[in-house]
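Chain by chain, the residues run as shown.
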Amino acid sequence: MSEPSVPGGRGAVLDLPCGETKRVRELDLGKREFDCPCGDSHAVVMDVHPPDRFLPEFLVEILQETIETTSDDMPEFGTAHLMGIVLEEFPEAVVSEDVSEDGELGAGIVWVTDFDSRRLHEIIVELVVELMEHAVSHADDDEVVSEFESKMLQFDVSEFVDQYRAQRDLDPEPYM
Ligand SMILES: [Zn+2]
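So, here is what we can say about the structure in this document. (Residues numbered from 1 in each chain as written. Predicted model: local features only at pLDDT ≥ 70, side-chain atom pairs only at ≥ 80, totals over all residues. Heavy atoms only, no water.)

**Here's the deal with the pattern of salt bridges**
We count it as follows: Definition used for salt bridges: Asp or Glu carboxyl oxygen within 4 Å of a side-chain nitrogen of Lys or Arg. The secondary structure listing takes helices from DSSP runs of H or I that are at least 4 residues long and strands from runs of E that are at least 2 residues long, numbered from the N terminus. Between buried and exposed lies partly exposed: a residue is buried under 20% and exposed over 50% of the maximum accessible area for its type, with that area taken using a 1.4 Å probe on protein chains only.
Applying the stated criterion across every chain yields a total of 5 salt bridges. Put simply, Glu-122 and Arg-118 hold a salt bridge, and the shortest N to O gap is 2.5 Å. Highlighted residues: Glu-122 and Arg-118, both in helix α3 (residues 117-137), separated by 4 residues, approximately one helical turn. For Glu-122, a relative accessible area of 12% corresponds to the buried category. By sharing partners, the salt bridges in this structure join Arg-118, Arg-119, Glu-122 and Asp-162 into a single network.

Pasting the structure below:
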């Protein structure tokens, strides 16, 4: 017995970049990635995940201070903006769904990427570093510039992601 493909009231179904499908209700807030029938793992991100799933707090703070956001729905720089940047850079590799009407999930937007969670993490950090280098180069505040430059001098993306994920794995918080 096969299920109807778009059954009413059972939540949205995502068409993944790999060609498979995923019912959003099979995802939950604690999920970072899932194993797909295509053989790969795909990262899952929800707008309610805090941006420190990917970035240390000092970076989130600098971003919130330096990046102007124009949307009333998302006044502060957060996870939705991070995924917007990824989507802009890799439009073919990200699918998203507005699930705000679906009370089952407790999230507003769900993204699934062709990348696994670790690769997505690296991509986000790389894109944010680029974004910040650009933003900081236009900043008038010398203190912000020098603080950023001193922190970036010792910053290695791959090493950071490894350490950050290992550290967060010890944390009882599920988001990663
Ligand atoms: Zn897949």
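Let us keep going from here.
**Thoughts on the packing of helix α2 (residues 79-89) against α3**
Each pair of packed helices can be described by the angle between their axes along with the distance between the axes. So the rule is basically this: Angles here are taken between N-to-C directions and fall from 0 to 180 degrees, while the axes themselves are lines fitted to C-alpha atoms, restricted in helices to the stretch in contact. For this classification, under 35 degrees means roughly parallel, over 145 means roughly antiparallel, 65 to 115 means roughly perpendicular, and everything else is oblique. In this description, contact between two residues means that some pair of their heavy atoms is separated by no more than 4.5 Å. Three classes are used: nonpolar for Ala, Val, Leu, Ile, Met, Phe, Trp, Tyr, Cys and Pro, charged for Asp, Glu, Lys and Arg, and polar for all others, with Gly counted as polar.
Packing of α2 against α3 leaves a shortest axis separation of 10 Å and a crossing angle of 95 degrees. Regarding the angle of α2 to α3, the classification is roughly perpendicular. Facing α2, whose interface residues are Leu-82, Met-83, Ile-85, Val-86 and Glu-89, α3 presents Leu-120, Ile-123, Ile-124, Leu-127, Val-128 and Leu-131. Residues that form the contact of α2 with α3 fall into these classes: 10 nonpolar, no polar and 1 charged.

**Here's the deal with the nonpolar core**
As a reminder of what qualifies: Here, nonpolar core means buried Ala, Val, Leu, Ile, Met, Phe, Trp, Tyr and Cys residues that are tied together by side-chain atoms lying within 4.5 Å of each other.
The biggest cluster of nonpolar side chains holds 33 residues, and the ones touching the most others in it are Leu-55, Leu-120 and Ile-124. Contributions of two or more residues to this core are made by β4 (41-46), α1 (57-66), α2, α3, α4 (142-153) and α5 (157-170). Looking at this core, the element that brings in the most residues is α3, giving 9 residues. With residues near it in sequence (within four places) discarded, Leu-55 still touches Val-60, Leu-63, Leu-82, Ile-124, Val-125, Val-128, Phe-160 and Tyr-164. Counting 14 residues, the second-largest nonpolar core is a separate cluster that includes Phe-34, Met-46, Val-99 and Leu-105.

**Considerations on the pairing of strand β6 (residues 109-113)**
For the record, the criterion: Pairing between two strands requires that DSSP report at least two bridges joining them.
Burial runs high along β6: 4 of the 5 residues are buried. Both β4 and β6 contribute to a ladder of 3 bridges, which runs antiparallel. Bridging from a neighbouring strand, Val-44 pairs with Val-112 of β6. Pairing of strand β5 (residues 94-98) with β6 involves 5 bridges; the strand directions are antiparallel. Looking across to β6, one finds that Asp-98 is bridged to Ile-109.

Without other data, these values stay purely geometric and don't point to any function.
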